[in-house]
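Overview (structure and organization)
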Amino acid sequence: MRTSTNAIKAKLDEILADYMSADQQIEAGMHNDPNFFDSDRYHDLTNKKAMLLHAHHKLTDALVAIEQYM
């Protein structure tokens, strides 16, 4: 079980890093380009953040369930 939970925790860290990177890219784009807000890149990054947040929640739920019942 330890290997499974460690793998999930590593994936959660990876997802969080990707989420923060997308957030920083949005912030930089908003700061540097007045047309960024409604650009395809902005929408791609916000969609990516939503997908990553969903994945993070699902993996967190799985980790809690594993740790609770083991």
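A short tour of the structure in this document, coming up. Small disclaimer: the values here were computed from a predicted structure and weren't measured. The written sequence of each chain sets the order in which its residues are numbered from 1. Reporting of local features is limited, given that this is a predicted model, to residues whose pLDDT is at least 70; pairs of side-chain atoms are given and counted only at 80 or more, and all residues count toward the totals for whole chains, interfaces and linings. Only hydrogens and water are set aside when side-chain values are computed; all heavy atoms of the structure are taken into account.

1. Looking at the side chain of Thr5
Counting from the N terminus, the helices are DSSP H or I runs at least four residues long and the strands are E runs at least two residues long. Along the chain, the position of Thr5 falls in helix α1 (residues 2-32). With a 1.4 Å probe rolled over the protein chains alone, any residue whose accessible area is under 20% of its type maximum counts as buried; one over 50% counts as exposed, and the rest are partly exposed. Its relative accessible area of 1% is what places Thr5 among the buried residues.

2. Comments concerning helix α2 (residues 40-69)
In this model, α2 (30 residues) spans 44 Å end to end at C-alpha, consistent with the 44 Å of a helix rising 1.5 Å per residue. Along α2, the residues classified as buried are Tyr42, Leu45, Lys49, Leu52 and Leu63. A helix is expected to span 1.5 Å for every residue after the first.

3. Re the pattern of salt bridges
Put simply, a salt bridge is a Lys or Arg side-chain nitrogen that is within 4 Å of an Asp or Glu carboxyl oxygen. One pass over the structure, following the stated rule, counts 3 salt bridges. Two residues, Lys9 and Glu67, come together in a salt bridge whose shortest N-O distance is 3.5 Å. Residue Lys9 is found in helix α1, and its partner Glu67 is found in helix α2; the two are separated by 58 residues along the sequence. Residue class for Lys9 comes out partly exposed when judged on its relative accessible area of 33%. When its relative accessible area of 38% is taken as the criterion, Glu67 is described as partly exposed. Two residues, Asp23 and Lys49, come together in a salt bridge whose shortest N-O distance is 2.7 Å. Residue Asp23 is found in helix α1, and its partner Lys49 is found in helix α2; the two are separated by 26 residues along the sequence. A residue is classified by how much of its surface remains accessible, and Lys49, at 16% relative accessible area, is buried.

4. Let's talk about the packing of aromatic side chains
Any Phe, Tyr or Trp ring, taking Trp's six-membered ring, that has another such ring centre within 6.5 Å forms a pair; planes under 30 degrees apart are called stacked, those over 60 apart edge-to-face, and the others tilted. If you walk through the whole model with that rule in mind, you get 2 aromatic pairs. Here the aromatic rings of Phe36 and Tyr42 are separated by 5.8 Å at their centres, their planes lie at 85°, and the arrangement is edge-to-face. Ring centres 5.0 Å apart and planes at 45° place the aromatic pair Phe37 and Tyr42 in the tilted group. Overall, the relative accessible area of 16% leaves Tyr42 in the buried class. A connected cluster of aromatic rings, assembled from ring pairs, spans Phe36, Phe37 and Tyr42.

Spatial relationships are all this shows, so hold off on functional conclusions.
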